[in-house]
Each structure stands twice: as structure tokens, then as C-alpha cells.
Amino acid sequence: MDQGTSKPELEGVRDSAPGTYSGYGGVSPTDTAAFAPRCLSIDLEVGRDDAQIHRFAAVRGDTGESFHFRGGDLNAGLAKLDRLADGVAFVVGHNLIDFDAKYLAASDSDLRLLHLPQVDTLRLNPLAFPRNPYHHLVKHYQDGQLKHGSRNDPELDARLTLGVLRDQHQAF
């Protein structure tokens, strides 16, 4: 899948119904078909040395439509991200408030999506799971890889965040 807006074309991902992302984080078609929030899940990859956005991805919770920026013209990529957010009720991310939103605002403070309500699954975890407030995304796609040298996948992380949001919704 090249840069651009598209339907998911990843192994283990189903796009037959909104919100059905089987194979990631224990999400199954049965329990997610009814959970399709009108939101945009975002994940950024930022350079440790230069503190610049290098890659990002976003997935709509209601349609499954996604966008993956893999480098190039950041301003054009952010404009596409902003268009993908048209019509959503809120933006969601894992550590969205303290990380992703700050880098997005520093890169383009005029993004309309920055004015939408922000839901941070990292902050909701202790409320949803007080006995087991896990604080990181469980990235099974990295199993078997050396964590230090493994490469994150922002699109999969955005989908995992939707799964975490679904789990939190069920807990409440």
C-alpha cells in the first residue's frame, strides 16, 4: 500500500465491516463489528535525534479507512491526515496527549484535527483496568524480534489502539 488513503491490505486485517481488525491484540470480527466509533486513531514515529515526525499513520474507527505517511513532504502528509479526520467526533491515540498531539501541533498548529476532543488510551487504562493498568501497546507483530532493533509500524499501532479503546469501552 503506497502513501495515500486506502482500505487495509494487511495480513490478518479484515475490512468486511467497520471496526473488524482480527489478528491484532485479540480483536475478533464478532466483538468489534458493533464497536465502530466515529474517530481517528493516530500513531506517530518521531526521530530520537532530531525530534521530527518521520512516519505516521491513522485509521478511522468507523470505516477502517487509513493513511500511512512513510516520508517525503510532511506538510502534504499532514494535510491528508487532516482531511481523513473530516467528520470524526474525536481523535484517539496511545499517549496522544503527551506525545502525538504535541508533535502534530509543533509541525502544523493549523491542523483542524487538533481542535477535536482527544481520547488517550494510555490515560484511560488505570481507570478501565485498575487491577492491571497495562501502560503500553502489546505489539505481537514484534514477537521474536530484538526489541531494540525492531521497527515500529504506525498503522498497526493505530489499529491496536482501536482494540485497546474497544477493551476500555467494554470495561466501563
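The residue count restarts for each chain, going from 1 along the sequence in the order it is written. Totals for whole chains, interfaces and linings use every residue, but because this is a predicted model, local features are given only for residues with pLDDT of at least 70 and side-chain atom pairs only at 80 or more, for both listing and counting. The basis for every side-chain value is the complete set of heavy atoms in the structure, and neither hydrogens nor water enter the calculation.

> In this structure, what is going on with unusual backbone geometry? I would like to understand it.
If a residue is not glycine, its phi is most likely negative; likewise, a peptide bond is most likely trans. Non-glycine residue Ala51 carries a positive phi angle of around 55°. Helical segments are the DSSP runs of H or I of at least four residues, strand segments are the runs of E of at least two, and each set is numbered from the N terminus. Mapping Ala51 onto the fold places it in the loop between β2 (39-46) and β3 (53-60).

> Please clarify how the packing of aromatic side chains should be interpreted in this entry.
Centre-to-centre distance and the angle between the planes together describe a pair of aromatic rings. Aromatic rings from Phe, Tyr and Trp, taking only the six-membered ring of Trp, are treated as a pair when their centres fall within 6.5 Å; an angle between ring planes under 30 degrees marks them as stacked, one over 60 as edge-to-face, and anything in between as tilted. Within the structure shown, the criterion is met by three aromatic pairs. On the numbers, 5.8 Å between centres and 55° between planes, the contact of Phe56 with Phe67 is tilted. Here Phe56, found in strand β3, pairs with Phe67, found in strand β4 (residues 66-69); they are 11 residues apart in sequence, far enough to count as distant. With a relative accessible area of 1%, Phe67 lands in the buried category. Their ring planes at 55° and their centres at 4.8 Å tell us that Phe99 and Tyr103 sit as a pair that is tilted. Linking Phe99 with Tyr103, this pair stays in helix α3 (residues 96-107), spanning four residues, or about one helical turn. With relative accessibility at 27%, the residue Phe99 sits in the partly exposed group. Partly exposed describes any residue whose relative accessible area lies between the buried limit of under 20% and the exposed limit of over 50%, with all areas from a 1.4 Å probe on protein chains only and scaled to the type maximum. For Tyr103, a relative accessible area of 25% gives the class partly exposed. In textbook terms, an aromatic cluster arises when at least three aromatic residues are bridged by ring pairs, as seen for Phe56, Phe67 and Phe69.

> When you look at α3 in this model, what are you seeing that I'm missing?
Since the α-helix advances by 3.6 residues per turn, residues separated by three or four positions end up pointing in the same direction. Residues of α3 that are buried: Leu96, Asp100, Ala101 and Leu104. Projected onto a plane normal to the axis of α3, the buried residues spread over an arc of 85° and lie on a single side. Exposed positions of α3 whose direction lies more than 90 degrees from the buried face are Lys102 and Ala106. Along its buried surface, α3 packs onto β2, β3, α2 (74-84), β5 (90-93) and β6 (118-120). Directions pointing from the helix axis toward each C-beta atom define the arc. Here, residues are in contact when the closest pair of their heavy atoms is within 4.5 Å.

> Help me understand the pattern of salt bridges in this model?
Side-chain pairs of opposite charge can arise where the charged atoms are in close proximity. The rule for a salt bridge is simple: a side-chain nitrogen of Lys or Arg has to be within 4 Å of a carboxyl oxygen of Asp or Glu. As enumerated under the stated definition, the model contains six salt bridges in all. Of the charged contacts in the structure, one is a salt bridge between Asp82 and Arg112, with a shortest N-O distance of 3.5 Å. Placement of Asp82 in helix α2 and of Arg112 in the loop between α3 and β6 is noted, with a sequence separation of 30 residues between them. With a shortest N-O distance of 2.9 Å, Glu155 and Arg159 are connected by a salt bridge. Placement of both Glu155 and Arg159 in helix α5 (residues 154-171) is noted, with a separation of four residues, approximately one turn of the helix.

> So what exactly am I meant to see when it comes to the pairing of β3 here?
If a strand is regular, its side chains alternate between the two faces of the sheet. Burial of β3 is extensive: seven of the eight residues sit out of reach of the surface. In this analysis, strands are considered paired if DSSP registers two or more bridges between them. Note: β2 against β3, seven bridges, orientation antiparallel. Bridging across to β3, Leu40 finds its partner in Arg60. In this sheet, β4 lies alongside β3 in antiparallel orientation, the contact comprising four bridges. Following the sheet pairing, Ala58 is matched in β4 by Phe67.

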